[in-house]
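Given next are the chains, with one letter for each unit.
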Amino acid sequence: MAEPARSAAPSARRARGDVARRAAGSAAAGCTLAGAVAVTLAVVAGPGPGLTGYVSEAGIAGSAHAATYRIGILALAGALLLIGAALPPGVWAAAPGLLATSAVFTAVSGAVTCSDGCPLPPFERATTADLVHGGASIAATAAVVFAMITLALSGPAGRAVRRLAGIAAVLALPLCGTVGLAMLVLGRGSVVGVLERLILALAALWGLGTATALALCKEPHADESFQ
């Protein structure tokens with residue numbers, strides 16, 4: 001009678017783990033949606049220069065919508081952590097690590113606000129806060145894109161998560177390369193503004209889709225099914 005009891009214990013632990021991961025996925029979806037809505041409202045309602053400015057300008061000190069923007073950014077940072085927690089066992093450790101890294105840099109970008117206009121080199125004179133904010137934002141985006149690539153290649157992540165990550169990575173890589181080149185060659189303007197918004201929208205949609213897929217996952221052990 002001892003053998004069935006011993007075999008039932010790991011199954012019970014796996015079941016509890018599956019429930020916890022689906023709950024984390026649900027929470028991640030909620031945080032992603034709430035964060036994206038808050039940031040969008042702050043950007044649209046703010047007095048910024050429209051598509052020629054950076055999204056971060058909605059959070060500068062003195063802005064009437066700075067608090068809404070920062071709350072949205074922190075919600076998105078929390079969503080990244082929750083997505084990492086919702087990933088099934090067996091997923092490459094780099095994926096949750098990259099998501100956690102992105103979450104930290106996202107939180108830093110929300111906590112350290114840039115000055116008016118969010119100036120960045122080489123065409124504008126930037127303060128230390130501008131450089132910290134800009135560097136954290138770039139690092140957060142890069143970590144998310146690398147997490148997409150990692151998940152797209154990690155079998156235990158599950159078919160839906162791999163597919164979403166693969167599509168997002170294919171779209172994000174050329175966008176990131178183009179916006180980086182545009183910032184160096186053209187500087188602040190409508191080209192960079194539109195590209196930045198496309199990258200952020202893609203990241204938010206990927207996060208929402210991935211979190212939803214993890215919350216609705218009916219395959220409790222994606223790593224075992226892949227094998």
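Since the model is a prediction, treat every value here as computed from it, not as a measurement. (Residues numbered from 1 in each chain as written. Predicted model: local features only at pLDDT ≥ 70, side-chain atom pairs only at ≥ 80, totals over all residues. Heavy atoms only, no water.)

Enquirer: I keep staring at the overall build of the protein chain and nothing clicks. Help me out?
Expert: Of regular secondary structure, the protein chain possesses 7 helices and 0 strands. In the protein chain, the succession of α and β elements from N to C terminus is α-α-α-α-α-α-α. Counting the 227 residues in the protein chain, one finds 40% classified as buried. Within the protein chain, contacts between residues separated by at least 24 positions form 72% of all contacts whose residues are at least 6 apart in sequence. Split by element, the accessible area of the protein chain, about 11300 Å² in all, is 71% carbon and sulfur. (Helix = DSSP H or I, 4+ residues; strand = E, 2+ residues; numbered from the N terminus. Buried < 20%, exposed > 50% of the residue type's maximum accessible area, 1.4 Å probe, protein only. Contact = heavy atoms within 4.5 Å. Areas by Shrake-Rupley, 256 points an atom, 1.4 Å probe, with all protein chains shown as cover.)

Enquirer: Is there a simple way to explain the pattern of salt bridges in this structure?
Expert: Where charged atoms from two side chains of opposite charge come close, those side chains can pair. Within this structure, the stated rule accounts for 3 salt bridges. With a closest N to O distance of 2.5 Å, Arg 21 and Asp 18 form a salt bridge. Within this pair, Arg 21 and its partner Asp 18 are both found in helix H1 (residues 2-45), separated by 3 residues, close to a single helical turn. No difference in accessibility class separates Arg 21 from Asp 18, as the two residues are buried. (Salt bridge = Lys/Arg side-chain N within 4 Å of Asp/Glu carboxyl O.)

Enquirer: Would you take a moment to explain the state of the cysteines for this structure?
Expert: As used here, a disulfide is simply a covalent bond connecting the sulfur atoms of two cysteines. Considering all chains together, one arrives at 1 disulfide under this definition. There is a disulfide in this structure between Cys 114 and Cys 118, and the S-S distance comes to 1.8 Å. (Disulfide = S-S within 2.5 Å.)

Enquirer: Would you mind showing me how to read a nonpolar patch on the surface here?
Expert: A surface patch of nonpolar side chains, amounting to about 500 Å² of accessible area, comprises Leu 181, Leu 184, Val 185, Leu 186 and Val 191. Among the elements that make up the nonpolar patch, the one with the highest residue count is helix H5 (residues 159-185) (3 residues). Turning to its location among the elements, Leu 184 is positioned in helix H5. For Leu 184, a relative accessible area of 58% corresponds to the exposed category. (Patch = residues over 30% accessible without salt bridge, like charges linked within 9 Å, V, L, I, M, F, W, Y side chains within 5 Å.)

Enquirer: Before we go on, may I ask you to explain the environment of Ala 93 in this structure?
Expert: Mapped onto the elements, Ala 93 comes out in the loop between helix H2 (66-86) and helix H3 (94-111). C-alpha of Ala 93 to C-alpha of Ser 154: the two residues are 61 residues apart in sequence and 9.8 Å apart in space.

Enquirer: Just to check I follow, could you spell out the confidence of the model for the protein chain for this structure?
Expert: Low pLDDT means the predicted coordinates in that region are not meant to be read closely. Averaged over all residues, the pLDDT of the protein chain is 88; the fraction at 70 or higher stands at 88%. Overall, residues 220-227 carries pLDDT values under 50, and its contacts beyond four positions in sequence, including any with other chains, amount to 16 contacts. (pLDDT = per-residue confidence, 0-100.)

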